[in-house]
Amino acid sequence: MDYNTEVINSAATQIAEMFKSMVLSQQPGGQGHPTIAQIETCMREALRQIGIQALGQFLSTLQTTPVCELPCACGGSLHYQRMREAQIISVFGKTSYTRAYYAGCSCQQGKAPLDEQYGLEPGAVTAGLAQLLALAGIGYSYDQSPKWLQAYLLFDVSANTVRSETERMGALQEKQEEALIQRSQDETYLQERQRLPGQVAPRRYGSIDAAKVRIEPRPKKGHAPAEHEDWRDMKVLCWFETESVPPAQRSARQRQQAERQQVALRAKNLHYFCDITEADDFGKLLWATGCNLKADLSPELIFLADGAVWIWNLVARYYPNAIQIVDWYHAEEHLEIVANVTFPQGPDRANWLEGVTQALWEGQVEQVIAACQALAASCELARKAAHYFYTHAERMRYDRFRAAGYMIGSGMVESGCKQIVTQRLKLPGAQWTVTGAVQTAKARAAWLSGLWQSLCDLRSALPLAI
Ligand SMILES: [Zn+2]
């Protein structure tokens, strides 16, 4: 949009004059002399008031001359009643406007065509404000959001409004995912897709993990509190690509990796998806989102995860040709656990751990299994570790993976779990229904994946749809 500089200049001059007379009436440095912060805040408030007036007047001018009669959705007809005032909550606060109102049909329904035309819902928040509320809602707890919003917007919004707008964004994301799932089951689409333009990443990664969420519905008014809390798994999937990190930008861990002759890699183009659902249904999301990114067409598709059976089952089912890698840090941790329970702190522990860790690093999994088995008679955890390394041996050929330049740590998706689950769903005072947790998490995942603007566009296009 191009702005008329003259109009803006003249409005600015008027505001400046108004503030000049307000401030200059006070003694400089004297009591009651406003600070720059106070002036800024006052000016923001004045501009907000102007916004309320300007938006209200503008919406009112959109109303064309009313006609006498309109067809009603029921098949009957509506008659013009009067110009009627309505209020919406916009980015400026409560904003009033007037528009033509029609009623008098036998079905008793009334309507204001202007509202329908511009997606205005009297009494409700506008699409512009909804995006800001949802943005607060994915970042802060619903109890805390109103405080942050008050500081930014200069007016009050209730925690419940923030909650419902955030969940609405999550619901839109869910709809998008459902559409992807539908499409990914369409054979014609799958075949045509190979010929469709669009980049295929030469090397794409997928990573899957899960984190616990406490489900404890808020007791409803007049209802007894929920009898039990429940822990559910939020499954998180991350698609990404990698690029090498220039030496000057390397973190401590990446410098360490470089010293060990491993390429220092970082993730780019991250896409997060999440749900509280059974593995089978999560598999559909895994397939659908991968199809959308043409992950299955990538010459090299690599999955990184911990040892969870359900994860590897899904990978094998949907992406049978993918390279499977058990996250290095998970594997290494198993050795540390065995060392901790088997040896007292000291040189024996250090020697054992160093030896097996080096063997694992070199992909000598059989050596690691033997070392664990040697301790198995006296240590149940060592027996379990031996079984773990045996089960995942082919997913731990770290020598080969490193030689191919693959990322071997699943930090990306763990950081996704942390950012989606720990940093939002586990905030103090969080009480979740399954739907509330899922929709909030999906909205947050969309934000982290750079999909926010597309959700906002959908929210504007369908203000009354959900
Ligand atoms: Zn009617």
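The structure we're discussing is the one just above.
Residues numbered from 1 in each chain as written. Predicted model: local features only at pLDDT ≥ 70, side-chain atom pairs only at ≥ 80, totals over all residues. Heavy atoms only, no water.

Novice: Please provide a residue-by-residue account of the environment of Cys68, values included.
Specialist: The residue Cys68 is located in the loop between α2 (36-61) and β1 (69-71) in this model. The exposed category is assigned to Cys68, whose relative accessible area is 66%. Those residues in contact with Cys68, other than ones at most four positions away along the chain, are Leu78, His79, Tyr80 and Tyr102. (Helix = DSSP H or I, 4+ residues; strand = E, 2+ residues; numbered from the N terminus. Buried < 20%, exposed > 50% of the residue type's maximum accessible area, 1.4 Å probe, protein only. Contact = heavy atoms within 4.5 Å.)

Novice: I'd like a description of the sheet that holds strand β6 (residues 265-275), backed by residues and values.
Specialist: Pairing is mixed across the open sheet formed by five strands, whose spatial order is β6-β5-β4-β7-β8. Sheet topology places β6 and β8 (323-326) at the edges, where each strand pairs with a single neighbour. Across the sheet, the mean angle from the axis of one strand to that of its neighbour is 25°, orientation sign disregarded. Pairing of strand β7 (residues 300-305) with β8, which is carried by four bridges, proceeds in the parallel orientation. Bridge assignment links Leu304 to a residue of β8, and that residue is Ile325. (Pairing = 2+ DSSP bridges. Axes fitted to C-alpha atoms, helices over the stretch in contact; angles between N-to-C directions.)

Novice: Tell me about the packing of aromatic side chains, and please be specific about residues and values.
Specialist: One pass over the structure, following the stated rule, counts 17 aromatic pairs. When the ring of Phe282 is compared with that of Trp310, the centres are 6.2 Å apart and the planes differ by 80°; the resulting orientation is edge-to-face. Taken together, the residues Phe282 in helix α9 (residues 279-292) and Trp310 in helix α10 (residues 309-318) connect sequence positions 28 residues apart. The buried category is assigned to Phe282, whose relative accessible area is 1%. You can call Trp310 partly exposed: its relative accessible area is 22%. Here the aromatic residues Trp239, Trp287, Phe303, Tyr318 and Tyr319 are joined through ring pairs into a cluster of three or more. Positioned over the ring face of Tyr101 is Arg84, at 4.1 Å from the centre of the ring. Across from the ring centre of Trp310, 5.0 Å away, lies the NZ or CZ of Lys235, which sits over that ring. (Phe/Tyr/Trp six-rings, centres within 6.5 Å; stacked < 30°, edge-to-face > 60°. Lys NZ or Arg CZ within 6 Å of the ring centre and 35° of its normal.)

Novice: Break down the coordination of the zinc ion for me, citing the residues and quoting the values.
Specialist: Around the zinc ion, the protein contributes the donor atoms Cys72 (SG), Cys74 (SG), Cys105 (SG) and Cys107 (SG), at 2.2 to 2.3 Å from the metal centre. Viewed at the metal, the four donor atoms of the zinc ion are separated by angles of 95 to 116°, and the geometry they form is tetrahedral. Donor residues for the zinc ion, ordered by position in the chain, follow C-x1-C-x30-C-x1-C. Here Cys105 lies in the loop between β3 (93-103) and α3 (113-118) and Cys74 lies in the loop between β1 and β2 (77-90), a separation of 31 residues in the sequence. Classification of Cys74 by relative accessible area gives partly exposed; the value is 46%. The exposure class of Cys105 is buried, given its relative accessible area of 6%. (Donors = N, O, S within 2.8 Å, 3.2 Å for Na, K, Ca; no water. Tetrahedral: all angles 85-135°; square planar, octahedral: opposite > 155°, others 65-115°.)

Novice: Outline unusual backbone geometry, supporting the account with residue identities and numerical values.
Specialist: Backbone geometry at Asn269 places phi at a positive 50°, although glycine is not the residue there. Accessibility expressed as a relative area gives 43% for Asn269, which makes it partly exposed. Backbone geometry places Lys294, a non-glycine residue, at a positive phi of 55°. By the secondary structure assignment, Lys294 is in the loop between α9 and β7.

Novice: So what about the pairing of β7? Which residues, and what values?
Specialist: Most of β7 sits inside the fold, with five of its six residues counted as buried. Relative to β7, strand β4 (residues 203-215) runs parallel, the two sharing six bridges. Residue pairing across strands places Tyr205 opposite Ile302, the latter belonging to β7. Regarding topology, α10 serves as the crossover connection from β7 to the parallel β8, and that connection is right-handed. (Right-handed = clockwise from strand over helix to strand, strands pointing away.)

Novice: How would you sum up the sheet that holds β2? Please name residues and give values.
Specialist: What links the strands of a sheet is backbone hydrogen bonding, and the strands pair in either a parallel or an antiparallel sense. Pairing is antiparallel in the open sheet, where three strands are placed in the order β1-β2-β3. Where the open sheet ends on each side, the last strands, each with one partner, are β1 and β3. The mean angle between the axes of side-by-side strands here comes to 45°, regardless of whether they run parallel or antiparallel. Looking at chain direction, β1 and β2 are connected through three bridges and run antiparallel. By the bridge assignment for β2, Glu69 is matched with His79. Each of β2 and β3 touches α2; the most contacted strand, β3, lies at about 15° to it.

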